[in-house]
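What follows is each chain in one-letter form.
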Amino acid sequence: MEIRAPLSIDRLISELNALAKISAADPPVVTRVVFSEADLRARAYVKGLCREAGLDVHEDAIGNTFARWQGAEPNLAPIGTGSHIDAIPNAGLYDGSVGVLGGLEAIRVLQQLGFKPRRSIELVIFTAEEPTRFGIGCLGSRMMAGVLSPSQANALRDKEGRNLEDLRREAGFNGALDSVQLSAGRFHQFVEMHIEQGPILEQEGIDIGLVTHIAAPASMRILIEGEGGHAGGRLMPGRKDALAAGAELILALESAATSTGAIDSVGTVGVCEVFPGAVNSIPSRVRLETDIRDIDAARRDRVIENLRSACEQVATRRGVSIQTEMINADPPATCDPSILHAMEQAAQGAGKSSKRMVSRAYHDSLFMARITPVAMLFIPCRGGVSHRPDEYASPVWIGSGVHVLARTLAALAS
Ligand SMILES: [Zn+2]
């Protein structure tokens, strides 16, 4: 498919700006928590644009939205593209939205050029990619992939104690939750466009990132129970300081992640809660929350094992009790070589530079990969900044992404 016509993205940029204004916070801050008033208005806006483009719009019981451009052979499994429009509190306007409105723009460009897809092309808007409300990321795609069961979903509550079941029905999404899971053949292939959320493309002056792997996050909670006491009265011999034990574990994780020798292994302790948290009191209880990621599941799990054995050693040596709890350990995804090849060809044909890279953040594509071949297309974002109001991708970067996405979709749907 030759896209010769000049690609004007004025329409897309003005739609991105209009979507950004649908927010629970004052512009330029974007806050759109799933099933909030802003989320529902944003959904209505995007669905309206999809209908204007002649797409058939359907929603499932959790609010995942499918907007279909019917192909010449409608019985064939469609090519999917899309992302999310929910946004964490105090976010910017490009994360997720670029993949949704940019995906729609790619479809409209193909329509305007008179392209007739053989397979249908379906834009997907995933519910709650961000974990803000229910504490679990990629809610919609997890359920599509069957990774989160309807009963597990039913048990989810927000901070106010309201359950998912009531909130989704209030938002107008009825139907049985067990109808959300998709069969493995429901999509033929899936491509997600997204801002990089890292600095590499901008630093190297490259237009398009071709994502070969999506790193797999794992999260382990560590609870340390020692003995408190007066910081002056209790002498050093025989102390059971829970925070001193925790400090050893923080360093043990750093060393476990570093010692794999692989640049893709990362380990972080992002939460350290100390009880009672007084300057003159020996810490008696500490909670650590760890985030451990890699593109290689076995290597990541070895880091987790090393951390676990450090827990045992520290507990014995310091006489404290240490309990660990795995919160989640999702497998990483490897992107599909044939989609990567199509994207590479598309970039070349569009005269755009590209490079293969790893996604260190996770996305709905991580879960879509369980049921369909996926790949992701990254565009640069300024300074690698994301999840902040000053998140920025230039119209030129977005235009390049849409151009390459349109060519990719055309090739995959032919
Ligand atoms: Zn995102």
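In this text, all values refer to a predicted model and were calculated from it rather than measured experimentally. (Residues numbered from 1 in each chain as written. Predicted model: local features only at pLDDT ≥ 70, side-chain atom pairs only at ≥ 80, totals over all residues. Heavy atoms only, no water.)

(A) Representation of the side chain of Glu15 in the model. Along the chain, Glu15 turns up in helix 1 (residues 10-21). Excluding anything up to four places from it in sequence, Glu15 contacts Tyr45, Leu49, Leu101 and Arg108. (Helix = DSSP H or I, 4+ residues; strand = E, 2+ residues; numbered from the N terminus. Contact = heavy atoms within 4.5 Å.)

(B) Highlighting empty space enclosed by the protein. Under the counting rule described, the total for this entry stands at one cavity of 30 Å³ or more. Along the walls of the largest cavity sit Asp39, Arg43, Ile85, Asp86, Ile125, Phe126, Thr127 and Ala128, which together make up its complete lining. If you list the elements that add at least two residues to the lining of the largest cavity, you get helix 2 (37-52) and strand 6 (121-126). Of the residues belonging to the lining of the largest cavity, the class tally is four nonpolar, one polar and three charged. (1 Å grid on protein atoms, 1.4 Å probe; cavity = no way out; pocket = protein on both sides within 12 Å on 5 of 7 lines; lining within 4 Å. Points joined across faces, edges and corners; volume = space filled by probe spheres on them. Nonpolar A, V, L, I, M, F, W, Y, C, P; charged D, E, K, R; others polar.)

(C) Spotlight on the pairing of strand 17 (residues 374-379). In terms of burial, strand 17 is largely enclosed, as six of its six residues are buried. Side chains Val374, Met376 and Phe378 project from strand 17 onto one buried face, and the interleaved Ala375, Leu377 and Ile379 project onto a second face that is buried too. Pairing between strand 7 (residues 189-195) and strand 17: six bridges, direction parallel. Residue pairing across strands places His194 opposite Phe378, the latter belonging to strand 17. Pairing of strand 8 (residues 208-214) with strand 17, which is carried by three bridges, proceeds in the antiparallel orientation. What sits directly across from Val211, in strand 17, is Met376. (Buried < 20%, exposed > 50% of the residue type's maximum accessible area, 1.4 Å probe, protein only. Pairing = 2+ DSSP bridges.)

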